[in-house]
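Analysis of the macromolecular model
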Amino acid sequence: PHGGSSWRWYAAMGRHLLWWAIPELSQGQITTAKHHHVDHGMHHNMFALKPPSPGAVPGMRRWLECEYFGFQYSMEWYYVAFAEDNPQALTQESSQARYIFLPQCVSWVYWNLRTGMGWDHWKAIAEAEEGYLLPLVKWAHTTPEHKKYNGSNFFTVLSMDLGRQDFPRAKHWMDSWSLGTLTGSPEWMTEAGWFHLPEDPSLTESCYEKDVVPVIGERDSKYYDFVIGIPSRFVPGPEAFQFQGRDRLFFFAGTMNSCARRKVLELYGKADPAEAVVLDYVLEDDQYRDMMWTTKYCLVLRGSSHTNNVRLYDVMAHGCLPVIITEDFQPALDASLPWRETAIFLRSSEIPILREVLNSISEEERYERFANLVLKENSFMRVFEWHAGTHWLAMMKEIRRRIDMHLEQDFEDQFKAEQDLGNRGKEEFTQLLAEGLGCSQCREWWETPDLRLGSDYFGCADSENLIPGLLLLFNRHKRRLAMDGSHRLPGMLIDGGANVGKTTSKLFGAFGDIPYRELVHNRPDRVPCIVCPHDTTLPTVVVVSVEPSIRNFQLLEERAQLNRWDLEGWYAFKGALGDEDGETRLSVIPTFDVDEVATIFPKNGDTRETEPVQVATLETLLGQVRQRFPDTTFGMDRERLDGEEGTYGEVFLLKLDIEGAEAKVLLRSAPLLRERGVKFVVFEYSEDTWHSSLAETVNFMWGVGYFCFLMTPDDLFPLSGFFWDRMYILPQWSNVFCGITRDPDFGELIKMYVPQGAADLYFEALELPHLKSGL
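It should be emphasised that the depicted structure is a prediction, and the values quoted were computed from it without experimental measurement.

Rules and cut-offs
Residues numbered from 1 in each chain as written. Predicted model: local features only at pLDDT ≥ 70, side-chain atom pairs only at ≥ 80, totals over all residues. Heavy atoms only, no water. Pairing = 2+ DSSP bridges. Helix = DSSP H or I, 4+ residues; strand = E, 2+ residues; numbered from the N terminus. Axes fitted to C-alpha atoms, helices over the stretch in contact; angles between N-to-C directions. Expected span 1.5 Å × (residues − 1). Buried < 20%, exposed > 50% of the residue type's maximum accessible area, 1.4 Å probe, protein only. Arc of directions from axis to C-beta. Contact = heavy atoms within 4.5 Å. Lys, Arg positive; Asp, Glu negative; His and termini not counted. Salt bridge = Lys/Arg side-chain N within 4 Å of Asp/Glu carboxyl O. Core = buried A, V, L, I, M, F, W, Y, C linked by side-chain atoms within 4.5 Å.

Right, let's talk about the sheet that holds strand β23 (residues 706-711) for a bit. The strand order across the open sheet formed by 8 strands is β14-β13-β12-β21-β22-β25-β23-β24, and the pairing between neighbours is mixed. The open sheet is flanked by β14 (569-574) and β24 (716-718), the only strands paired with a single partner. When the angles between neighbouring strand axes are averaged without regard to direction, this sheet yields 20°. Bridge analysis of strand β21 (residues 651-656) against strand β22 (residues 678-686) gives 5 bridges, and the strand direction is parallel. Paired with valine 651 across the bridge in β22 is valine 678.

What follows covers helix α23 (residues 550-563). Compared with the 20 Å implied by 1.5 Å per residue over 14 residues, the 20 Å span of α23 between its first and last C-alpha is a close match. Restricting attention to buried positions, one finds in α23 the residues Asn552, Phe553, Leu555, Leu556 and Ala560. Seen from one end, α23 has its buried residues packed into an arc of 160°, which puts them on one side. Exposed side chains of α23 directed beyond 90 degrees from the buried face belong to Gln561 and Leu562. Of the surrounding secondary structure, the elements contacted by the buried residues of α23 are β13 (542-547) and β14. Phi turns positive, to about 55°, at arginine 564, one or two residues after α23.

For the rest of this paragraph, the subject is the sheet that holds strand β15 (residues 576-577). One open sheet holds the 3 strands; their spatial order is β15-β17-β16, and the pairing between them is mixed. Each edge of the open sheet carries a strand with a single partner, namely β15 and β16 (582-588).

Turning to the side chain of lysine 478, a few remarks are in order. Here lysine 478 is to be found in helix α20 (residues 467-482). For lysine 478, which is buried and forms no salt bridge, the nearest opposite charge comes from glutamate 568, at a distance of 7.1 Å. Residue contacts for lysine 478: discarding those within four places in its chain leaves Leu489, Pro490 and Thr540.

Tyr79, Phe250 and Trp339 are the most contacted members of the largest nonpolar core, which has 129 residues in total. If you tally residues by element for this core, the top one is helix α6 (residues 121-141), at 10 residues. Tyrosine 79 has contacts with Phe101, Val157, Phe226, Ile228, Trp386, Trp392, Met395, Met396 and Ile399, leaving out every residue within four places of it along the chain. Judged by nonpolar contacts, the second largest core, of 65 residues, contains Tyr571, Leu621, Val698 and Cys738.

Put into structure tokens, the structure is as follows:
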């Protein structure tokens, strides 16, 4: 079929045509367009990211399912159809995909607004952006797929003429994406050096200022974007393969809507029709096709927007060699097709010598260009048939090339930035060791495998140092929660490894209200005389003390009785925290009045006496606390962390000083941590008692969304992710402070503890471009 009406049926069949046109695809293989060997680049390596429903996209008010609506602007539909009909290119698990495709049809939405609402171009495109594209792109930013590489492996297609430039608000949200557009870099032709002739200074009548400058001012082209073509409405006929019988030198027909077109009409509009035909109107299809079949060279000139227009693909489908006249053009598939050896590239200033240039090309050279265009196995004609498999293989390979190039550059930049921050952290730590602790040799010795530092400078900086900042945050949230009328606390405070109650006592002293409650309890008759009295029937704070040693627990209870912790929310668990519920043996030293090294995980060769002890996981302990305080609710409304909502922080502070069980308890609590069930964590590290490495535990916390610091009395040293270095295990005994990455309270607590210091590196890391949407 030759007519445009037949093409509508042809395009509508496109999904099925993909299959018969690409036998390799139907067999579950993807081949390259050029070499016909299996190319696994996109094989089960692409994921199509779709919202579960239009209602899941905030601000979406113009949702439409993609449909074909004409050859010139349905490129978005074609890509959606390809993704739907070629499952062997896709993976069902986004975590396994290297490339993420966002299916969308903003041009279809635009077209419906223009035709259905009768709106002009500007109103329709603005609403298509605001009511469809922008909400969809913003939604994509909230997904884990986007956060993985900050969108650097995302791609989508824009059919509208100016690409990014057509969508001024949405384009900033797609800065890191690879976009398929009709435009390319305005400097591409100059940088590529593909012009047929050296520039002639004597040819001064250029259309560059009139045609190019007005449209490239807002051009936003990225090196990782890819140029797409336009599907011609014509199916190639046998006449396209005829080299002989093309007696006319050149041809053009179209609206005179650019300087270059008007210049061609002025100079050649009255030429002998046997040599050249230049018309200022569009021909009927039969005449148009006959002209292209019987002409050697067909002119491709900038129209109202750019040179990559449908006329280029029409002439190639008819075997007419394209003469591309512009200073602003980047071809589709520029890296894989021999454009320079096929098309003729001229500047607009060279229009006056057009006839001479084309006549100077020998028949031998014209035949080589013609063979590239239509005769060779991977000819331009075949590659740009959108319903054929070769086109899709070539385009997928190009998309993969562009994204890989972007990721490689991104990773290089990211690595340098991360390496710089990590090195600065190590330098700060080395300086502390040398100047603050007098270990001038540490800079040279720190890589010595057996070198360790014993200093209470690290070990005595623990959760108690954080109490002033924790109290401010706790009370702020408590006041806000009190406004709903229920008794809800921002979270419980858990003293894991309470020993004889030193930390528990300080927590009650700061967070609790025991002096007032003691007064009310002992002298209820004085309550009417108290200024600003308040209710004491429910706890002001809930502190949980966990202690496994029988002797230590007795001392803990004596302290509790002395200090009247029973008047507040105190829960004591006589047992150990571990990675499973049950009973075990606790290694103790009976001769110690206070045993600070009792453990349920003794190392091989431990000869200490043992005593029976109950063991509970953190989840089991939380259940016991809830039963003990049935009228108190724990946790806060989830603020927008990682784009999630709900409640979190049932545990406001989890302090773990449990002699080697710290890592096991944290690992067992992974589901709770992933759900942000714990707001702040402080755990002790001791090489003498641990059975796993600090690096593994910090990495685990990083994986479930927590950033960790090595604590000192004066600073916090970042440990997580690219900050980790084995020098941070030099202290034989230390404490590690962790919080939810990007939690504003975490950042505020850090600043309260260290107004200026190594901790600032954490905030610098958050501002790295590739980490802004999530570490």
